[in-house]
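# Observations on chain architecture
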Amino acid sequence: MGSHRFAGRIAVVTGAASGLGRVTAEGLAREGAKVVLFDRDGAGLAETATSCPGAVAVQGDITSADDQARLATATQALGPVTLLATSAGMLGPTVPLTETTEADWDRLFEVNVKGTWLTLRAILPLMRAAGGGAVVTFASAAGLTGSPALPAYSASKAAVVMMSRSLARAEAPNAIRVNCVCPGSIETPMLELTFASAGSPEARAAREAEFRARHPLGRFGKAEEVGAAVLFLLSDEAAFMTGVSLPIDGGRLA
Ligand SMILES: NC(=O)c1ccc[n+]([C@@H]2O[C@H](COP(=O)([O-])OP(=O)(O)OC[C@H]3O[C@@H](n4cnc5c(N)ncnc54)[C@H](O)[C@@H]3O)[C@@H](O)[C@H]2O)c1
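The numbers attached to residues start from 1 for each chain and follow its sequence in the written order. At least 70 in pLDDT is required for a residue's local features to be given in this predicted model, at least 80 for side-chain atom pairs to be given and counted, and no such filter applies to totals for whole chains, interfaces and linings, which use all residues. Computation of side-chain values covers all heavy atoms of the structure but excludes hydrogens and water.

## Here's the deal with helix H3 (residues 65-78)
Taking 1.5 Å as the rise per residue, H3 with 14 residues should run 20 Å; its terminal C-alpha atoms sit 20 Å apart, in good agreement. Accessible area is worked out with a 1.4 Å probe on protein chains only. A residue is then buried under 20% of its type maximum, exposed over 50%, and partly exposed in between. Secondary structure elements follow DSSP: runs of H or I of four or more residues count as helices, runs of E of two or more count as strands, with numbering from the N terminus. Among the residues of H3, those classed as buried are Asp67, Gln68, Leu71, Ala72 and Thr75. Viewed along the axis of H3, the buried residues span an arc of 145°, placing them on a single side of the element. Set apart from the buried face of H3 by more than 90 degrees, the exposed residues are Asp66, Thr73, Gln76 and Ala77. Contacts: residue pairs with any heavy atoms within 4.5 Å of one another. Packed against the buried residues of H3 are strand S1 (10-14), strand S2 (34-39), strand S3 (56-59), strand S4 (81-86) and helix H4 (102-129). One fewer than the residue count of a helix, multiplied by 1.5 Å, yields its expected span. Read the arc as the range of directions from the helix axis to the C-beta atoms.

Take a look at the structure:
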């Protein structure tokens, strides 16, 4: 038997159809939580649900207040929610700031910043009513250090860092801890998309080598390595940790 840190708890995970959200949801379910899976990708959600016994899937867009209201209603129907992980996010094009289009800038901030905020706005009142809990938001190493190839993404993730730290201070009296993970390059569909968009095989190989070289441990991270840190931050083992922006980045920010 493995550990059962979340037995009887109710958890919400956004971005649960893929990558880091999926491993977070699977880990929570494995350790006893009933998980509400939220994502706009219905097929991916259904796949995640098969490995999360007792999970409830809600399909929707994090940038829609109406969809977030549906998420809150479905969550409330299960009972008191005490755990939240907001993994849904996007990367956007790998271009310099001066070549970033207004549409790309707006969409990045809409998804990464407004979407995260709308999720927090929808679920935090339920957590307060439940008497407290723990939140993990998903920023990025690029939210803690400048990222020349992804300047708009970097700015959006810095916003997530400060939103999380502000919330940690605001929600402490409500017994809600708020921490934030800041992954380096992790092997998920999102990273694959970055490499695939490089163009030629040579350009792809060069981009992969460049990204790998940023990590002193000399490799990309695995989704499970981020999931383990998220589960720790959500668990009572991290009971005295709030307001932390935790790099999980193979030493990139060392
Ligand atoms: N993979 C990495 O290298 C890496 C590094 C740093 C930070 N992150 C962050 O971690 C989080 C998860 O990334 P991932 O690698 O698992 O990506 P992913 O692309 O594999 O998964 C992201 C999920 O979010 C969902 N999503 C995107 N926009 C949405 C929207 N508007 N509404 C609802 N769902 C939406 C997608 O459908 C997808 O299922 C993101 O916030 C990302 O920015 C990832």
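## Observations concerning the site of the ligand
Any residue with a heavy atom lying within 4 Å of a molecule or strand is counted as near it. As a matter of local geometry, the ligand sits amid 28 residues, with Ser18, Leu20, Asp39, Tyr153 and Thr188 nearest to it. Tyr153 places a side-chain nitrogen or oxygen 2.7 Å from an oxygen atom of the ligand. Residue Lys157 places a side-chain N or O atom 2.9 Å away from an oxygen atom belonging to the ligand. Only the protein chains shown count as covering a residue, and every accessible area follows the Shrake-Rupley method with a 1.4 Å probe. In isolation the ligand offers 830 Å² of accessible surface; the protein chains occlude 93% of this area. The term polar contact refers here to a pair of N or O atoms within 3.5 Å; inside protein, the definition further demands a hydrogen-donor-capable atom paired with an acceptor-capable atom, and it admits residues adjacent in sequence only when both atoms are side-chain atoms.

## Remarks on the pattern of salt bridges
Salt-bridge detection follows one rule: a side-chain nitrogen of Lys or Arg within 4 Å of a carboxyl oxygen of Asp or Glu. Counting across every chain of the model gives 13 salt bridges. Note that Arg204 is salt-bridged to Glu208, the shortest N-O span being 3.1 Å. One end of the pair, Arg204, and the other, Glu208, are both in helix H7 (residues 201-213), four residues apart, so they sit about a helical turn from each other. Overall, Arg204 belongs to the partly exposed group, its relative accessible area being 24%.

## Some points on the packing of aromatic side chains
Note on aromatic pairs: the rings of Phe, Tyr and Trp (six-membered ring only in Trp) are paired at centre separations within 6.5 Å, and the planes decide the class, stacked below 30 degrees, edge-to-face beyond 60, tilted for the rest. On inspection of all chains with the given rule, the structure shows three aromatic pairs. Note on Phe195 and Phe211: the rings are 5.5 Å apart at their centroids and 75° apart in plane angle, and the pair reads as edge-to-face. One end of the pair, Phe195, is in helix H6 (residues 189-196); the other, Phe211, is in helix H7, with 16 residues separating them in the sequence. Look at Phe195 and you get buried, because its relative accessible area is 4%. Relative to Phe220, the ring of Phe195 has its centre 5.6 Å away and its plane inclined at 40°; by these criteria the two rings are tilted. Taken as a pair, Phe195 in helix H6 and Phe220 in the loop between H7 and strand S8 (221-222) lie far apart in primary sequence, 25 residues in all. Assigned by exposure class, Phe195 and Phe220 land together as buried.

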